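Spelled out, the chains give:
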Amino acid sequence: MAGGSEITVAVMGMTGAGKSSFIEALTLNESIVIGNGLESDTQTVTEYRCRYGGKMYVLLDTPGFGDTYRSNDDIVDEVLQWLASSYRAGTRLSSVIYLHPINDVRMQGSARENLEMFRKLCGEDALKKVLFVSTFWDTVEEALGARNEEQLRSKDEFWGRMVKKGSKVRRYNRDDPLSAFAILNDIDDSHCVLRAQEEIVIDGKDPRQTEAATFNIAAMQAEMEARIREEEELAKRLLEEQHRAAREQARRIREQHQQWLRAQEKEAKRKKERLKAEERREEERAREHREFCERMRQEAETREVILAAIVAAQEEEEERMQEAYYRDYACIGREVSRDYDCDRCNTVIHYWDHYYRKHPSRARLTA
Ligand SMILES: Nc1nc2c(ncn2[C@@H]2O[C@H](COP(=O)(O)OP(=O)(O)OP(=O)(O)O)[C@@H](O)[C@H]2O)c(=O)[nH]1
Ligand SMILES: [Mg+2]
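The shown structure was predicted, so the numbers you read here are calculated from the model rather than taken from an experiment.

**Thoughts on the overall build of the protein chain**
Thinking step 1. Scanning the protein chain from terminus to terminus reveals 11 helices and 6 strands.
Thinking step 2. Restricting the contact set of the protein chain to residue pairs at least 6 apart, pairs at least 24 apart contribute 69%.

Here's what the structure looks like:
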């Protein structure tokens, strides 16, 4: 049994996938039984060793699923028994390589069933330690092989589901032996425990009661269809969710636009009212100005009338004074005589400046 610091790798896959040939390319062990392409060859789990990069690898050649002579149950039982007893003996796997011929892309019937059985055998946790290695690259055009590989990698019913859980995809080309060693570079010495090992060794199940052994294709298809339905349902829900979000977004944008329009209308209305108020104030100011001018004009007229009246009164007064002057003084000079005394000083009038008023003859003189 493998153990110690060796890196143990189980090599699995359908019969004729090239497991023994792959191990031979790594170990250069010519005693390995290689099939003739028609019949299944490896019958028991066999260990082979190779040293690479300073590490010792133990490669477990396993009987291929889909054997022509033995029932699948027998083969699964054989592999499970070996996995359980090696686990009990302290052997821990560092990786599981699943080989698949790249020229078989349809992977129908037993190939798919066995792939699913392999998934059950590994369990979810060990999937990150699984390497899907495609073989028979020398028999296909590179482009066709790459297309096939992409299908295998992407489709959930093939490797897709396990790749999503961390399994890796690699190529082995028989014409390039180094491609086999490059695969060893992807394996580190950390360990994994397969679900089947847990079931048998820890849970105490009979190997024939493990998930891998009790699995059947109808259940797998039902499970797959349920998963597809679930995913479709999820996609539908997501789509509806996106539609709802888009509608909601559109409604929000419309609402914002309408709010903006309403705000614009309000602002325009306010501006209009402000303008009207301004116009009214302007009119008011113009009216007040007109009234002021009118008042000024009337006051000017009144002042003119008053002035005219004053002037007239002054003229009248002047005229009256003139008349009085002529009546009282104009002819005094001619009338000055020693016989008359001044009204004010009572002295005899000798000069013009004496004041004379009450002489009875004045009225006649000024007429
Ligand atoms: N052209 C080609 N032939 C291959 C390749 N790998 C394996 N073969 C041939 O396919 C046949 C089966 O190869 P094996 O290595 O015995 O296959 P296996 O997976 O060990 O088969 P089982 O032991 O029955 O499970 C042999 O004739 C190999 O020579 C490959 O990469 N290219
Ligand atoms: Mg073989």
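**Concerning the environment of Ile23**
Thinking step 1. Here Ile23 lies in helix α1 (residues 19–27).
Thinking step 2. Expressed as a C-alpha distance, the spacing of Ile23 and Leu60, which sit 37 residues apart in the sequence, is 8.4 Å.
Thinking step 3. In this structure Ile23 touches Val11, Ile32, Tyr48, Leu59 and Asp61, once residues within four positions along its chain are discounted.

**A look at the packing of helix α2 (residues 72–88) against helix α7 (residues 195–202)**
Thinking step 1. Contact geometry of α2 with α7 gives a least axis separation of 9 Å together with a crossing angle of 70 degrees. Between α2 and α7, the interaxial angle falls into the category roughly perpendicular. For the pair α2 and α7, the crossing hand works out as right-handed. On α7, the residues that touch Leu80, Leu83, Ala84, Tyr87 and Arg88 of α2 are Ala196, Gln197, Ile200 and Val201.

**Quick notes on the sheet that holds strand β2 (residues 46–52)**
Thinking step 1. Pairing in this open sheet of 6 strands is mixed, and the strands run β2-β3-β1-β4-β5-β6 from one edge to the other. Each edge of the open sheet is held by one strand with a lone partner, namely β2 and β6 (168–171). The average undirected angle you get between the axes of adjacent strands in this sheet is 30 degrees.
Thinking step 2. Pairing geometry for strand β4 (residues 93–101) and strand β5 (residues 130–135), over 6 bridges, is parallel. When the bridges of β5 are listed, Leu99 appears paired with Val133.

**Focus on the nonpolar core**
Thinking step 1. Within the largest apolar cluster, 53 residues are counted, with the highest numbers of intra-cluster contacts made by Val9, Val11, Leu80 and Val96.
Thinking step 2. Ranked by the residues each element gives to this core, the list is headed by α2, at 8 residues.
Thinking step 3. Those residues within four positions of Val96 in sequence are excluded, and the remaining contacts are Ala10, Met12, Cys122, Ala126, Lys129 and Val130.

**Description of the site of ligand 1**
Thinking step 1. Close to ligand 1 lie 22 residues; Gly18, Ser21, Gly35, Thr42 and Gly64 are nearest.
Thinking step 2. Classifying every residue of the shell around ligand 1 by side-chain character gives 4 nonpolar, 14 polar and 4 charged.

**Concerning the confidence of the model for the protein chain**
Any region with low pLDDT has predicted coordinates that should not be read closely.
Thinking step 1. Of the residues in the protein chain, 81% have a pLDDT of 70 or more, and the chain-wide mean is 84.
Thinking step 2. When mean pLDDT is compared element by element in the protein chain, β5 scores highest at 98, while helix α11 (residues 362–366) scores lowest at 37.
Thinking step 3. The low-confidence segment residues 329–338 (pLDDT under 50) makes 10 contacts with residues lying over four places distant or belonging to another chain.

**Quick notes on helix α5 (residues 156–164)**
Thinking step 1. Those residues of α5 that sit buried are Phe158, Trp159 and Met162. Buried positions in α5, seen along its axis, are confined to an arc of 85 degrees and lie on one side of it.
Thinking step 2. Contacts made by the buried residues of α5 are with α3 (110–122), β5, α4 (142–154) and β6.

**Regarding the packing of α4 against α5**
Thinking step 1. In the contact formed by α4 and α5, the axes pass within 4 Å of each other and the chain directions differ by 60 degrees. The angle between α4 and α5 places the two elements in the oblique class. Each of Gln151, Leu152, Arg153 and Ser154 in α4 lies in contact with α5, whose residues at this interface are Phe158, Trp159, Gly160 and Val163.
Thinking step 2. By residue class, the composition of the contact of α4 with α5 is 4 nonpolar, 3 polar and 1 charged.

**Description of the environment of Thr139**
Thinking step 1. Residue placement: Thr139 occurs in the loop between β5 and α4.
Thinking step 2. Residue Thr139 is classed as exposed on the basis of its 12 C-beta neighbours within 10 Å.
Thinking step 3. Separated by 34 residues in sequence, Thr139 and Asn173 place their C-alpha atoms 9.4 Å apart.

**What to know about the pairing of β4**
Thinking step 1. The buried fraction of β4 is high, at 9 of 9 residues.
Thinking step 2. Here strand β1 (residues 7–13) pairs with β4 via 6 bridges, running parallel. Following the sheet pairing, Val9 is matched in β4 by Ser95.

What counts, and where the lines are drawn
Residues numbered from 1 in each chain as written. Chains lettered and ligands numbered in written order. Predicted model: local features only at pLDDT ≥ 70, side-chain atom pairs only at ≥ 80, totals over all residues. Helix = DSSP H or I, 4+ residues; strand = E, 2+ residues; numbered from the N terminus. Contact = placed C-beta atoms within 7 Å. Axes fitted to C-alpha atoms, helices over the stretch in contact; angles between N-to-C directions. Parallel < 35°, antiparallel > 145°, perpendicular 65-115°, else oblique. Left-handed = near helix turned anticlockwise from the far one by under 90°. Pairing = 2+ DSSP bridges. Core = buried A, V, L, I, M, F, W, Y, C linked by C-beta atoms within 7 Å. Buried ≥ 20, exposed ≤ 12 C-beta atoms within 10 Å, placed from the backbone. Near = placed C-beta within 6 Å. Nonpolar A, V, L, I, M, F, W, Y, C, P; charged D, E, K, R; others polar. pLDDT = per-residue confidence, 0-100. Arc of directions from axis to C-beta.

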